[in-house]
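Chain and residue survey
What follows is each chain in one-letter form.
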Amino acid sequence: YGAVFALMGTLIALIYATRWQLTMGLTAGFFLIGPFVCTGIYELSRQRERAERVSLAASLTCWRRNPGGVAFFAAILTFAMIGWARVSVVLFALFSTTDFPTLQSVVGQIVSVGNVEFLLVWLGVGFVFATLVFSISVVSIPLMIDRRTDTMVAIFTSVRALFANPGPVYLWAALIVLLIGASLLLWFGLLVVTAPLVGHATWHAYRELVGD
């Protein structure tokens, strides 16, 4: 699973070489679809918690316990990712005045003091997207594969978990961004460790937030 995440990071870098406008949207999408990609990791944590035989093969097909719910939620996340990717491209088109041949050029444009308007708008819109997606996905997929609930029950449970524990849950969100973001910036190989770590920790967060 870590290798899959590392490959996703590498693909983002390859896309940047020819379609730099899509990079920021795809990077955000990397975070948005993370809960779905981590489904198998949640299942591995579930197996360990129940003292079952740990099986990679079983984790790859765990979605079959609730195919409708998982598929519907995956569609919601995909729609959010596509929406943010398009909005990100539009924001770059509205505010940028030059091409960016390197990733450093994009970062420089974003954090430039002379580009405060773009920075505020981009961060503001991104925060709205991220908050919306995170609020509906805190415990959704672990709940669906563990108790086979439908998508809407899982979403409402996630939102309730966030509102009941805003401090710890937002801290958890910040830690996810820190761990995964640092891996994307420093070296994609770090995702081999950090992505499964986040996935396993998310399962335990679900167990603590929702309980029995």
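In the block above lies the structure referred to throughout.
Our subject in this report is the structure included herewith. All values reported here derive from a predicted model rather than from experimental measurement.

Analysis parameters
- Residues numbered from 1 in each chain as written.
- Predicted model: local features only at pLDDT ≥ 70, side-chain atom pairs only at ≥ 80, totals over all residues.
- Heavy atoms only, no water.
- Core = buried A, V, L, I, M, F, W, Y, C linked by side-chain atoms within 4.5 Å.
- Buried < 20%, exposed > 50% of the residue type's maximum accessible area, 1.4 Å probe, protein only.
- Helix = DSSP H or I, 4+ residues; strand = E, 2+ residues; numbered from the N terminus.
- Patch = residues over 30% accessible without salt bridge, like charges linked within 9 Å, V, L, I, M, F, W, Y side chains within 5 Å.
- Areas by Shrake-Rupley, 256 points an atom, 1.4 Å probe, with all protein chains shown as cover.
- Salt bridge = Lys/Arg side-chain N within 4 Å of Asp/Glu carboxyl O.
- Expected span 1.5 Å × (residues − 1).

Within the largest apolar cluster, 34 residues are counted, with the highest numbers of intra-cluster contacts made by Phe 5, Phe 73, Phe 134 and Ile 180. For this core, the secondary-structure elements that each account for two or more residues are α1 (2-16), α4 (39-49), α6 (67-95), α8 (116-137), α9 (140-147), α10 (151-164), α11 (166-186) and α12 (191-210). The element best represented in this core is α11, accounting for six residues.

The grouping of Leu 185, Leu 186, Trp 187 and Leu 190 at the surface amounts to a nonpolar patch, some 500 Å² of accessible area in total. Turning to its location among the elements, Trp 187 is positioned in the loop between α11 and α12.

Spanning 20 residues, α12 covers 28 Å between terminal C-alpha atoms, matching the ideal 28 Å at 1.5 Å per step. Phi turns positive one or two residues past the end of α12, at Gly 211, with a value near 70°.

Time to look at the pattern of salt bridges. The final tally for this structure, using the stated rule, is six salt bridges. A salt bridge links Arg 46 to Glu 43; the shortest N-O distance between them is 3.6 Å. Here Arg 46 pairs with Glu 43, and both are found in helix α4, just three residues apart, close to one helical turn. Here Arg 46 and Glu 43 have matching classes, each one buried. Arg 147 is the salt-bridge partner of Asp 146, the closest N and O atoms lying 3.8 Å from each other. A single salt-bridge network, built from bridges that share partners, covers Glu 43, Arg 46, Arg 50, Arg 65, Asp 146 and Arg 147.

So yeah, pure geometry; function would need other evidence.
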